[in-house]
Amino acid sequence: MWNQFFLQEEYTGSDYQYIGKLQSDMDRGDGTVKYILSGDGAGSLFVIDENNGDLHATRRLDREEKPYYTLKATVVNKKTGHKLEPETDFVVKLHDINDNEPKFSQDVYQGRVPERSDIGTSVMQVTATDADDSMYGNSAKLVYSISQGDPYFSVDPNTGVIRTALGPADMDREQREHYHVVIEAKDMAGQRGGLTGSATVKITLTDVNDNPPRFTQSIYQLSVPESTGSGSPVGRIRAKDKDMGKNAEMFFTIVSGDGMDMFDISTDKDTQEGVIAVTKPLDFERKRFYTVEVQVQNTEPDPRFMSTGSKDVATLRISVEDVDEAPLFERASYVLEVKEDAPLSAALGSVSAIDPDAERRPVRYSIDRRTDLDRVFDIHAGNGSIFLLRRLDREEGAWHNITVIAAEFKSLRQTSRVPVYVRVLDVNDNAPTFASTYETFVCERSKAGQRIQTVSAVDADEPASGHKFFFSLAPEEKHRSNFTVRDNGDNTAGILTRRTSYNRLQQSVYLVSVVLTDGDYPMQSSTGTLTVRVCTCDREGNMELCNAEALSSSAGLSTGALIAILLCVIILLMMVVLFAALRRQRKQEPLIVSKEDVRDNVVSYNDEGGGEEDTQAFDIGALRHPDAALALEEGAKLRRDILPTDSLLYPPLRRARPPAASLLGPPGPPAARDNADVREFINQRVLEHDLNPTAPPYDSLATYAYEGTGSVAESLSSLGSASSGGEQDYHYLSDWGPRFRRLADMYGPEDNDYS
């Protein structure tokens with residue numbers, strides 16, 4: 001049996017491809033042996049002749065798909081089927097042919113190499129593969145070559161490494177930045193008949209800092225107003241750099257010129273421009289032109305390309321323009337001194353300012369009154385002398401800060417200001433006084449020369465050498481005083497007793513006058529009073545009992561506490577009064593005050609008036625006292641259902657009394673007089689309602705009836721009943737009919753039975 005067979009791939013014939021023959025030692029050629037095939041592709045890709053063992057391939061095979069196949073062959077007896085030999089394994093290998101072209105890992109490669117690189121600088125490596133068998137022949141042996149990209153680049157034929165082929169001078173990014181290179185890979189070791197594959201390589205030259213910045217012009221012109229403030233930008237200059245990114249970053253400097261101290265230049269990081277700024281105040285009258293040399297260079301130069309031409313220089317000419325300027329003071333501030341006893345109009349000093357312009361216009365001075373609200377100072381408009389308008393007091397204010405304004409006489413728009421600090425010098429014009437109100441006590445049983453109090457003094461003045469006070473007893477008390485003063489020499493003094501005992505009942509309070517004198521010139525003095533109270537003390541000198549005045553002064557309430565208590569009492573009283581007033585307003589007036597005061601209202605219900613709600617009808621009491629009613633008509637009461645306005649525009653007319661007519665009782669003069677009063681009252685009320693413009697907005701009818709003198713029942717009014725002397729007979733009520741039955745029952749005899 002054979003262990004290995006070979007078969008060429010990619011067979012193109014029409015018949016089965018013969019592989020080889022399997023031969024068994026048990027096969028004697030008599031036709032009793034049978035060959036059986038099994039394994040990879042048996043029966044489909046490979047077949048065997050069972051009689052003679054010939055092995056064939058049924059179709060074309062590709063080594064790149066599968067390089068070999070493992071099969072098994074068995075020999076058996078045709079009749080019995082028994083194996084004549086053990087099963088044998090064998091391999092069918094495919095012989096490779098050059099049927100695959102090389103293939104690159106990418107169709108397009110991206111490569112980068114710095115510009116100005118030396119010859120042979122590696123750019124990148126490309127790799128191709130061939131699917132053919134590299135162990136058999138040259139089918140998979142590749143050779144690289146460059147078909148496009150000469151003469152700038154080359155490729156290693158064995159490794160595929162791409163390198164630069166030209167020198168630094170020819171590889172300039174500013175000249176050409178991008179290159180397209182085509183690389184080929186050919187099998188069969190590059191021999192004729194080999195297959196070829198290709199790929200494109202895009203190579204970019206990266207930038208290096210090989211170009212210095214250059215100014216766009218050699219001379220620049222700028223104009224700057226002289227009023228431009230320090231730090232203000234006045235112009236820009238530009239330089240160009242062919243490089244890019246960080247390689248194009250630059251910075252500007254001023255290297256020479258007469259304006260180096262007046263101007264400065266910085267770099268704008270965004271635009272890469274040089275920004276010129278003023279560093280010191282300009283003055284057209286002093287200097288009108290400046291010239292500076294400006295240099296530009298890269299911030300990160302490449303040492304390989306540094307040379308004398310790596311920097312560029314340009315000339316900058318700056319002209320100063322004249323501007324109408326405000327006056328300038330000689331000083332930034334002024335400090336003036338004046339004694340506090342200086343007289344009015346005394347000069348403190350002066351300020352001075354000049355017009356910086358070439359015309360030198362005169363300057364006018366004034367004080368900003370917002371800094372001198374009390375108008376203590378004034379200034380001469382022409383020469384700037386400052387003088388007093390009011391007297392000064394150092395103790396009220398030791399410093400005065402004012403602002404002086406300077407302006408041109410012809411142009412008040414241009415002004416400048418300067419602070420003036422006025423220091424008020426001290427003059428000894430204040431006498432010393434006690435440091436506090438001193439009040440002490442002395443025991444009834446005390447010793448002569450005993451210290452009962454130490455006093456000190458204060459002075460509003462501030463002498464340069466410090467305070468020095470002297471204490472002494474008032475001259476008028478030196479011979480009759482019960483106390484003495486001892487100066488301690490340290491601006492304090494002690495109050496001492498001159499007696500051995502004091503009597504609280506004889507004199508409970510002593511006033512000790514002490515003269516305080518300062519040591520400055522002119523000398524000032526004052527008299528201070530010390531209150532000494534006589535008290536009963538224990539053996540150790542502690543106060544036990546003083547007079548009532550001393551107790552009240554020490555244990556009583558302070559003035560502030562008394563004022564607070566008084567305010568609280570006043571607030572409580574006001575709250576009580578307000579509460580009572582509110583209660584009074586809420587209180588309703590009763591309809592009937594008492595049972596004795598009954599008002600008869602005559603109300604008509606056949607209209608759209610108030611009905612029972614109309615309680616402003618007349619008071620019958622007026623009929624009882626007609627004289628009083630007439631006296632009160634001048635101040636007639638207003639109705640509650642209308643506003644009290646113009647109620648007396650048309651006062652009721654007073655008419656003469658008509659002749660008397662009988663109203664009550666038998667005819668006679670008294671009854672006639674009463675009837676006339678009632679009639680006049682009713683007529684006046686009717687006239688009043690007719691003429692009153694403040695009547696309610698609804699229709700109202702007030703009826704005042706008079707029954708006349710011819711009534712059968714006569715008058716029912718009780719106005720005249722009080723004048724009747726004896727018992728009255730009411731039997732006649734029974735004769736008046738059914739309407740007066742109720743009245744007859746009330747006033748008739750008890751035994752009267754009317755039916």
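Refer to the structure above for everything that follows.
First, a word on scope: everything that follows refers to the structure included in this document. (Residues numbered from 1 in each chain as written. Predicted model: local features only at pLDDT ≥ 70, side-chain atom pairs only at ≥ 80, totals over all residues. Heavy atoms only, no water.)

## Describing the overall build of the protein
Next, step 1: Helices and strands together make up the secondary structure of the protein, namely six helices and 42 strands.
Next, step 2: The buried share among the 755 residues of the protein stands at 36%.
Next, step 3: Sequence-distant contacts in the protein: of pairs separated by 6 or more residues, those separated by 24 or more amount to 65%.
Next, step 4: As displayed, the protein has an accessible area near 46,700 Å², and 50% of this comes from carbon and sulfur atoms. (Helix = DSSP H or I, 4+ residues; strand = E, 2+ residues; numbered from the N terminus. Buried < 20%, exposed > 50% of the residue type's maximum accessible area, 1.4 Å probe, protein only. Contact = heavy atoms within 4.5 Å. Areas by Shrake-Rupley, 256 points an atom, 1.4 Å probe, with all protein chains shown as cover.)

## Describing the pattern of salt bridges
Next, step 1: Tallying each qualifying case throughout the model produces 26 salt bridges.
Next, step 2: Residue Arg 236 pairs with Asp 268 through a salt bridge whose shortest N-O separation is 3.0 Å. Residue Arg 236 is found in strand S19 (residues 233-240), and its partner Asp 268 is found in strand S21 (residues 263-268); the two are separated by 32 residues along the sequence.
Next, step 3: Here Arg 533 ties to Glu 439 by a salt bridge, and the two come within 2.7 Å at their closest N and O atoms. (Salt bridge = Lys/Arg side-chain N within 4 Å of Asp/Glu carboxyl O.)

## A few points about the state of the cysteines
As used in these notes, a disulfide is a covalent bond between sulfur atoms, one from each of two cysteines.
Next, step 1: Under the criterion given, the structure shown has two disulfides.
Next, step 2: Disulfide partner of Cys 443: Cys 537, at an S-S distance of 2.0 Å. Measuring handedness by torsion sign, the sulfur bridge of Cys 443 and Cys 537 sits at about -90° and is left-handed. Taken together, the positions of Cys 443 in strand S35 (residues 439-443) and Cys 537 in strand S41 (residues 525-537) put the pair 94 residues apart, joining distant regions of the chain.
Next, step 3: Judged by its relative accessible area of 11%, Cys 443 falls in the buried class.
Next, step 4: According to the relative accessible area criterion, Cys 537 is buried, its value standing at 18%.
Next, step 5: A disulfide bridge connects Cys 535 with Cys 546, and the sulfur atoms are separated by 1.6 Å. Taking the sign of the torsion about the S-S bond as the criterion, the disulfide between Cys 535 and Cys 546, at about 105°, is right-handed. With a gap of eleven residues between them, Cys 535 in strand S41 and Cys 546 in strand S42 (residues 543-546) connect regions that are remote in the sequence. Cys 546 matches Cys 535 in its accessibility class, with the two residues each being buried.
Next, step 6: The cystine pairing of the protein, numbering bonded cysteines in sequence order, is 1-3, 2-4. (Disulfide = S-S within 2.5 Å.)

## Remarks on the environment of Val 234
Next, step 1: Its place among the elements puts Val 234 in strand S19.
Next, step 2: Along the chain, Val 234 and Val 278 lie 44 residues apart, while their C-alpha atoms are 7.1 Å from each other.
Next, step 3: Among all residues touching Val 234, those that are not within four sequence positions of it are Leu 222, Val 224, Thr 228, Ile 276, Ala 277 and Val 278.

## Concerning the side chain of Glu 408
Next, step 1: Here Glu 408 lies in strand S32 (residues 399-408).
Next, step 2: In terms of polar contacts, Glu 408 uses its side chain to reach the side chain of Arg 361, at 3.4 Å.
Next, step 3: Once residues within four sequence positions are removed from consideration, Glu 408 is found in contact with Asp 324, Glu 325, Pro 327, Asp 355, Asp 357, Arg 361, Pro 362 and Gln 414. (Polar contact = N/O pair within 3.5 Å; in protein donor to acceptor, adjacent residues only side chain to side chain.)

## Comments concerning the sheet that holds strand S4 (residues 46-48)
Sheet strands pair by backbone hydrogen bonding; their relative direction is either parallel or antiparallel.
Next, step 1: Pairing is antiparallel in the open sheet, where three strands are placed in the order S2-S5-S4. Edge positions in the sheet fall to strand S2 (17-21) and S4, since each of these pairs with one other strand and no more. Strand-to-strand twist in this sheet, taken as the mean axis angle between neighbours without regard to direction, amounts to 25°.
Next, step 2: With three bridges connecting them, S4 and strand S5 (residues 54-57) associate as antiparallel partners. (Pairing = 2+ DSSP bridges. Axes fitted to C-alpha atoms, helices over the stretch in contact; angles between N-to-C directions.)

## Remarks on the sheet that holds strand S18 (residues 219-225)
Next, step 1: Taken together, the four strands give an open sheet; going across it, the order is S18-S24-S23-S20, and neighbouring strands pair in mixed fashion. Every interior strand has two partners, whereas the edge strands, S18 and strand S20 (250-257), have only one. The sheet shows a mean angle of 30° between the axes of neighbouring strands, direction not considered.

## Quick word on the pairing of strand S14 (residues 161-164)
Next, step 1: Across three bridges, the pairing between strand S10 (residues 122-125) and S14 is antiparallel. Looking at S14, one finds that Ser 122 is bridged to Arg 163.
Next, step 2: For strand S13 (residues 153-155) and S14, the ladder comprises three bridges, and the chain directions are antiparallel. Within the sheet, the bridge partner assigned to Ser 154 lies in S14 and is Arg 163.
Next, step 3: Counting the residues between successive antiparallel strands, the hairpin from S13 to S14 contains five residues, one of them, Gly 160, with a positive phi of roughly 80°.

## Here's the deal with the packing of aromatic side chains
One pair of aromatic rings is described through two measures. These are the centre distance and the angle between the planes.
Next, step 1: Going through the model one piece at a time under the given rule, you end up with twelve aromatic pairs.
Next, step 2: Judged by centre distance (5.6 Å) and plane angle (75°), the rings of Phe 483 and Tyr 510 are edge-to-face. On the criterion of sequence distance, the pair formed by Phe 483 in strand S38 (residues 483-487) and Tyr 510 in strand S40 (residues 509-518) is long-range, its members being 27 residues apart. Take Phe 483 and Tyr 510: they sit in the same class, and that class is buried.
Next, step 3: Linked through ring pairs, Tyr 152, Phe 153 and Tyr 179 together constitute an aromatic cluster.
Next, step 4: The ring of Tyr 152 has Arg 176 sitting right over it, with the charged end atom 5.4 Å from the ring centre.
Next, step 5: Above the plane of the ring of Tyr 290 lies Lys 287, whose end atom (NZ or CZ) is 5.3 Å from the centre. (Phe/Tyr/Trp six-rings, centres within 6.5 Å; stacked < 30°, edge-to-face > 60°. Lys NZ or Arg CZ within 6 Å of the ring centre and 35° of its normal.)

## Overview of unusual backbone geometry
Next, step 1: Following Asp 150, the chain continues into Pro 151 via a peptide bond in cis, with omega recorded as 0°.
Next, step 2: One can find Pro 151 in the loop between strand S12 (143-148) and S13.
Next, step 3: Each neighbour pair has its own omega, and for Tyr 521 with Pro 522 the value is -10°, a cis peptide bond.
Next, step 4: Within the element layout of this structure, Pro 522 appears in the loop between S40 and S41.
Next, step 5: With phi around 65°, Arg 116 is a residue other than glycine that occupies positive phi space.
Next, step 6: Residue position: Arg 116 is located in the loop between strand S9 (108-114) and S10.
Next, step 7: Using a relative accessible area of 23% as the deciding quantity, one classes Arg 116 as partly exposed.
Next, step 8: Of note, the phi angle at Gln 272 is positive, near 55°, even though the residue is not glycine.
Next, step 9: Following the sequence through the fold, Gln 272 ends up in the loop between S21 and strand S22 (273-278).

## Thoughts on the side chain of Gln 272
Next, step 1: With a relative accessible area of 16%, Gln 272 lands in the buried category.
Next, step 2: From its side chain, Gln 272 meets the backbone nitrogen of Met 250 in a polar contact 3.0 Å long.
Next, step 3: Of note is the side chain of Gln 272, whose polar atom sits 3.1 Å from the backbone oxygen of Lys 269.
Next, step 4: Among all residues touching Gln 272, those that are not within four sequence positions of it are Ala 248, Glu 249, Met 250, Phe 252 and Thr 267.

## Thoughts on the pairing of strand S7 (residues 88-95)
Next, step 1: Side-chain alternation along S7 places Thr 88, Phe 90, Val 92 and Leu 94 on a buried face and Asp 89, Val 91, Lys 93 and His 95 on a face that remains uncovered.
Next, step 2: Taken together, the five bridges between strand S1 (residues 4-8) and S7 define a ladder with parallel strand orientation. Within the sheet, the bridge partner assigned to Gln 8 lies in S7 and is His 95.
Next, step 3: Across six bridges, strand S6 (residues 68-77) lies against S7 in antiparallel orientation. When the sheet's bridge partners are listed, Leu 71 is paired in S7 with Phe 90.

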